[in-house]
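Results of the structural survey
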Amino acid sequence: MKKYFFSILLLGCIGSSCTKQENWLDEKININSLVPTRLSDFGALLNADIFFQSYGTFGLIGTDHIYVNDADYFSIIVPRERNAYIWAKDVLEGSNTDEWSSMYRMIEVANVCLEGLERIEMTSANEVEWKRVKGTALFFRGLAYYQLLQFFAPPYDASRAATDLGVPIRLTADVNIRPGRSTVKDCYDRVLSDLTNALDLLPKVAAFKSRPSEISTYAMLAKVYLTLENWTKAAEFSGLVLAQNPTLIDFNSLNANAAIPFPTFQIGHPEVIQYAEGTLSNFYVGNIPLFDSVLYRSYAGNDLRRTLFFRLFNQRPIFRGFYTGVNMVPFAGIATNEVYLIRAESLARLGQKDAAMQVLNALLVKRWRTGTYIPLVAVDAEDALKKILVERRKEVPFHANLVWEDLRRLNKDSRFARTLTRVIAGVTYTLTPNDKRYTLPIPDLEIQLTGIPQNER
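Throughout what follows, the structure given in this document is the object of discussion.

Digging into the side chain of Asn111
Relative to the assigned elements, Asn111 resides in helix H6 (residues 98–117). Overall, the relative accessible area of 1% leaves Asn111 in the buried class. For Asn111, the contacting residues outside a window of four places in its chain are Arg141, Arg170, Leu171, Thr172 and Ala173.

Here's the deal with the environment of Leu92
Mapped onto the secondary structure, Leu92 falls in the loop between helix H5 (79–85) and H6. Overall, the relative accessible area of 6% leaves Leu92 in the buried class. Along the sequence, Leu92 and Ile442 sit 350 residues apart, while their C-alpha atoms lie 8.8 Å from each other. Setting aside residues no more than four positions away along its own chain, Leu92 makes contact with Phe58, Arg80, Thr97, Pro441, Ile442 and Pro443.

Re the pattern of salt bridges
In this structure the tally under the stated criterion is 34 salt bridges. In this structure, Arg160 engages Asp157 in a salt bridge whose closest nitrogen and oxygen atoms are separated by 3.2 Å. Residues Asp194 and Arg190 are paired through a salt bridge, measuring 3.1 Å at the closest nitrogen-oxygen approach. Taken together, the residues span about one helical turn, with Asp194 and Arg190 both in helix H8 (residues 184–199) at a distance of 4 residues. You can call Arg190 partly exposed: its relative accessible area is 23%. Within this structure, Glu271, Asp303, Arg305, Arg367, Glu391, Lys394 and Glu395 form a network of salt bridges that share partners.

Focus: the pairing of strand S10 (residues 427–431)
Across 5 bridges, the pairing between strand S9 (residues 420–424) and S10 is antiparallel. Bridge pairing in S10 places Thr421 opposite Thr430. Remark: 2 residues form the turn of the hairpin made by S9 and S10, two consecutive strands paired antiparallel; Ala425 in that turn has positive phi of roughly 50°.

With respect to the packing of aromatic side chains
Centre-to-centre distance and the angle between the planes together describe a pair of aromatic rings. Taken as a whole and assessed by the stated rule, the structure comprises 31 aromatic pairs. Ring centres of Phe139 and Phe140 lie 5.5 Å apart, and the angle between their planes is 80°; this geometry places the pair in the edge-to-face category. Like Phe140, Phe139 is buried. When the ring centre of Tyr296 is taken as origin, the NZ or CZ atom of Arg306, which lies over that ring, is 4.5 Å away.

Topic: the pairing of strand S7 (residues 316–319)
Pairing between strand S6 (residues 310–313) and S7: 4 bridges, direction antiparallel. Looking at S7, one finds that Leu312 is bridged to Pro317. Here S6 folds back onto S7 in antiparallel fashion, the turn holding 2 residues, of which Asn314 has a positive phi close to 50°.

Cut-off values and rules
- Residues numbered from 1 in each chain as written.
- Predicted model: local features only at pLDDT ≥ 70, side-chain atom pairs only at ≥ 80, totals over all residues.
- Heavy atoms only, no water.
- Helix = DSSP H or I, 4+ residues; strand = E, 2+ residues; numbered from the N terminus.
- Buried < 20%, exposed > 50% of the residue type's maximum accessible area, 1.4 Å probe, protein only.
- Contact = heavy atoms within 4.5 Å.
- Salt bridge = Lys/Arg side-chain N within 4 Å of Asp/Glu carboxyl O.
- Pairing = 2+ DSSP bridges.
- Phe/Tyr/Trp six-rings, centres within 6.5 Å; stacked < 30°, edge-to-face > 60°.
- Lys NZ or Arg CZ within 6 Å of the ring centre and 35° of its normal.

Following this line, the structure appears as structure tokens:
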């Protein structure tokens, strides 16, 4: 089965970006019998963007930042995307979804590489690459499990994490082994274990930002600990990132007349720490996706995010501020602006209001027209937290799954919970805080193959 898996894997790889990966495949080799065995083989697998750039669309479509009119809604040809927009109970209608399949593909590649390394001795000659390969595999496996938990497990709650069902934890490349669903606690423990173990193996800075590094692992750990409401750890790891890489773009330096004002990955986006792309969707095409007009109006006149993030169509805002630098391709990675927000929120929740506002102001001064920004001041820690969360919505309104993650974690607090509403063809659809539909159903095929319990909707 492993050989069959790799025949498919490599055929797909040859037809895409894997053809560029370090001349891995010799044209004379019969790929139907190819099984990776060399350190360079595993390095090439982990360098192949095809396995690590397919993040799903639900984290944007299901939020209250996107609105479409009736005609545009019914023009969407993918049923599960229409269903995601109205939070339908049977959202997948028997189909698969990238939120599940792409993440388990990432996990499978990571497991293949980790098992392969067990058969390769680390020597003084290969030590640097051996460690990089292992660290990269651990990073991506931890990242994949974190992403799965944001969709297919209930939001983290420390009082229920030991009993709530998470996702299957696969630690072997043998696809015939089908574990049951682990608890949410065990799943997050695996995420933290993989990321922590990757730290000492990865270089401080990666050769390409699509590959993990020590800094991107710190950033990922800060993100995970924020979800786990471990404010001390979130503040610690976000601080480690910013101590080494505090870079922010001064929005005054960008061209507001450009179709996409932000630089591409190839040119180099200075805020990007770990590059990843979201999946294309019809919901992002042309003038279809109208942005939340209330949120749009909350940007002040001298706030450059208003003009750099949006363009107007019939006086309605359309998002264009993709951090990928590519139209209709949402950014799904980690950038320094998110890390600033993590640190600011964590400090506020720890009662350090002045330090929290200092971090927030360091971010916002780079977003406003030169000479116009007046630093925000908080009367207490709760006021600081409220101001930070308002700016978080305005700073990362289209970062792939980030808004979805925030809805899930903040809905547990009545101060920040939001009820989402759509109206299509005169019918009103509502998603209330902590609704079971914040957890997606596991694809039917997985249920049929493994017999694991389905999520309630």
